[in-house]
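Overview (structure and organization)
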Protein chains: 2
Amino acid sequence: MDQAIDTIGEADDRLLTDQLFEQMSEAIVRGTFAAGTKLSEPRLAAQYGVSRGPLREAIRRLEERKLVTRAPRQGVRVVVPTAANALELFTIREVLEGLAARQAAEHATEEEVDRLRAMLKMHREMLSTDDAMVYWQATANSDFHFMIARIGRNQHLFDLLCGEYYTLFRLYRMQHRIVPGRAQRALTEHERIVDAIADRDADLAELIMRKHIASARTGLVSQQIGA
Amino acid sequence: MDQAIDTIGEADDRLLTDQLFEQMSEAIVRGTFAAGTKLSEPRLAAQYGVSRGPLREAIRRLEERKLVTRAPRQGVRVVVPTAANALELFTIREVLEGLAARQAAEHATEEEVDRLRAMLKMHREMLSTDDAMVYWQATANSDFHFMIARIGRNQHLFDLLCGEYYTLFRLYRMQHRIVPGRAQRALTEHERIVDAIADRDADLAELIMRKHIASARTGLVSQQIGA
DNA sequence: CTGCGCCGATATGTCGACAGTTTTGACGCT
DNA sequence: AGCGTCAAAACTGTCGACATATCGGCGCAG
């Protein structure tokens, strides 16, 4: 089974480390690198066609992002998701997203509220199509939280939610087969959040967002293997 | 001016990267590496007496921890603290510490409450000595938040507060000359938090902790240079 | 005197190689 | 047949070196 590992393209002026990090992150989330698999530096270097230097730096970033765990002098293994970890992670995400919603309510311009509304309207239309679920899980849900974080105007928070923790969140969400009707409920909650933001009600926006994430967490953890 | 950079000891079986990361983190917090200074890889490698490989990995971690900023193909510079960044950072810390307090209230054992109380009693005694402020800023305050995070039993949260963000928080706090009487007030707030934890009142513990951090943030940001 | 372009020096990004340690696999013993 | 032992293979941690891009200084033109 020659696995589907894209080799690193040649016409890309980005740093090798960055390309490797993205490829490997994606491979971990999609399961190409199965949970618990050991990542051997020489083998990966050969497969990607690069030397071990940039590869090590990419792995170091995977480690920093908690996508792999390192045992000194024994290499790194792909993290194995557990229900306990999922609970911890989404409990943290709950307060962070809550803060994002609060700050969005404090800083959103009229135009940004309009764009949020337009986006939700589009999402509602999408939800009546056939492949609603896949679209929802793939992009729609992320886009909403993405935009909320951006409107909050807290660069550090944005980096945390949409950068440093984003892949890890995706990894845990991936384990989760979406329950029917969840997307509809989530969209309704999104609309309530935007209402609170439009009203400049920071407390309410934070509260609803936290309940929204808590609801997602409950559904996720209860389903997680081994829970 | 041959600056005071400790060279890397020889009898230390820890990884070179880890030692370098700690030394450089400390150098940044203490100001040995002044804000805005460019960190040249060959020069640092020579000064520490190591090759560029481990050094690069350490710098990559500094970058991940937001202690340096990287401009591709131009190297890294020590981050320059701004009031805006301090505000962003301590706003995040506010909700994270709040969560830690909440989870501490949910999970603390009787013995852990006793140890919290014992610690605060010691802190109060320390506060009547001469070098109260330096002791407070150096260890006492950190110890308290450290213990709260530990009692919360959320490993990811603990790592965030006491690991990944710890040095960055210290860096910003370092810019801050402590205001007289602040330590007293902070200690009183700590005691209130422990009371809430002892009562198993998670909501109250979170609330007080958030106000506690918000109060520290206000004092810090208003003093920050350029605010 | 000032602005532009060239050139050398330096640094980053990348690579290949070596030493010590861990893991693997076979072999022999119980 | 199962287990402990031991050697070979593989891997991690570290180092030194090369190519290319960037930065600073110099000369020259305007």
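Residues numbered from 1 in each chain as written. Chains lettered and ligands numbered in written order. Predicted model: local features only at pLDDT ≥ 70, side-chain atom pairs only at ≥ 80, totals over all residues. Heavy atoms only, no water.

1. Focus: the environment of Y48 of chain A
Test applied: A helix here means a DSSP run of H or I that spans at least four residues, while a strand means a run of E at least two residues long, and both kinds are numbered starting from the N terminus. The cut-offs for exposure are 20% and 50% of the maximum accessible area for each residue type, with area from a 1.4 Å probe on protein chains only; residues under the lower value are buried, those over the upper are exposed, and the others partly exposed.
Here Y48 of chain A shows up in helix α2 (residues 41–48). Residue Y48 of chain A is classed as buried on the basis of its relative accessible area, which comes to 2%.

2. Considerations on the sheet that holds strand β1 (residues 38–39) of chain B
Pairing between sheet strands relies on hydrogen bonds along the backbone, with the strands arranged either parallel or antiparallel. All names here are of chain B. Just so we agree on the cut-off: Any two strands with at least two DSSP bridges between them are considered paired.
Across the sheet, which stays open at both edges, the 3 strands sit in the order β1-β3-β2 with antiparallel pairing between neighbours. Taken across any chain shown, the strands that pair with only one partner, and hence form the sheet edges, are β1 and β2 (68–71). The pairing of β2 with strand β3 (residues 75–78) spans 4 bridges and is classified as antiparallel. The residue bridging T69 from the neighbouring strand is R77, located in β3.

3. Details of the domain arrangement of chain A
Residues and elements named next belong to chain A. The criterion, for reference: An automatic or database domain assignment supplies the start and end points of every domain. Buried area adds together the accessible area that both of two parts lose upon being put together, with accessible area traced by a 1.4 Å probe. Basic side-chain nitrogens of Lys or Arg form a salt bridge, by our definition, when they fall within 4 Å of a carboxyl oxygen of Asp or Glu. Any residue that is not Ala, Val, Leu, Ile, Met, Phe, Trp, Tyr, Cys, Pro, Asp, Glu, Lys or Arg is counted as polar, Gly included; the first ten are nonpolar and the last four charged.
As far as domains go, chain A holds domain 1 (16–78) and domain 2 (83–223). The distance between the C-alpha centroids of domain 1 and domain 2 comes to 29 Å. Buried surface at the junction of domain 1 and domain 2, summed over both partners, amounts to about 680 Å²; 67% is from carbon and sulfur atoms. The closest approach of N and O atoms between E26 and R170, which form a salt bridge, is 2.8 Å. Partitioning the side of domain 1 that touches domain 2 into residue classes produces 3 nonpolar, 1 polar and 3 charged.

4. Here's the deal with the protein's contact with DNA strand D
Short version of the rule: Whether a residue is near a molecule or strand depends on its heavy atoms: it is near if one of them lies within 4 Å of it. Residues adjacent in sequence count toward polar contacts only when both atoms are side-chain atoms; beyond that, a polar contact is any pair of N or O atoms within 3.5 Å, and within protein one must be able to donate a hydrogen and the other to accept it.
Contacts to DNA strand D come from 18 residues, most closely from P42, R52 and R70 of chain A together with L16 and S51 of chain B. Put simply, 71% of the atoms of DNA strand D that lie within 4 Å of the protein are in sugar or phosphate. At 3.2 Å, a backbone N or O of E41 of chain A approaches a phosphate oxygen of DNA strand D. Here L16 of chain B contributes a backbone N or O atom positioned 2.9 Å from a phosphate oxygen of DNA strand D. Counting residues per element, the ones that place at least two in the surface near DNA strand D are β1 (38–39), α2 and α3 (52–64) of chain A together with α3 (52–64) of chain B. For the surface near DNA strand D, the class distribution of residues is 6 nonpolar, 4 polar and 8 charged.

5. With respect to the sheet that holds β1 of chain A
Judged by pairing direction, the sheet is antiparallel, and its 3 strands sit side by side in the order β1-β3-β2 (chain A) without closing on themselves. The two strands at the open ends of the sheet, each matched to only one other strand, are β1 and β2 (68–71) of chain A.

6. Describing the relation of the copies chain B and chain A
Cut-off, in case you're wondering: The superposition of copies rests on a least-squares fit of C-alpha positions from residues with pLDDT of 70 or more in both. Note on contacts: a residue pair is in contact if any heavy atoms of the two residues lie within 4.5 Å.
With an RMSD of 0.0 Å, the fit of chain B onto chain A corresponds to turning through 180 degrees and sliding 0.0 Å along the axis. The superposition operator between the copies reduces to a two-fold rotation axis. In this assembly, 100% of the residues forming the interface of chain B have copies in chain A that are likewise at the interface, indicating an isologous arrangement.

7. So, the packing of helix α7 (residues 155–164) of chain A against helix α8 (residues 166–174) of chain A
Residues and elements named next belong to chain A. Defined as follows: Angles here are taken between N-to-C directions and fall from 0 to 180 degrees, while the axes themselves are lines fitted to C-alpha atoms, restricted in helices to the stretch in contact. Here roughly perpendicular refers to angles of 65 to 115 degrees, roughly parallel to angles under 35, roughly antiparallel to angles over 145, and oblique to all remaining angles.
Contact geometry of α7 with α8 gives a least axis separation of 5 Å together with a crossing angle of 45 degrees. Here α7 lies oblique to α8, going by the angle between them. For the pair formed by α7 and α8, the contact residues are L160, L161, C162, G163 and E164 on the first element and Y166, T167 and F169 on the second. Across the contact of α7 with α8, the residue classes break down as 5 nonpolar, 2 polar and 1 charged.

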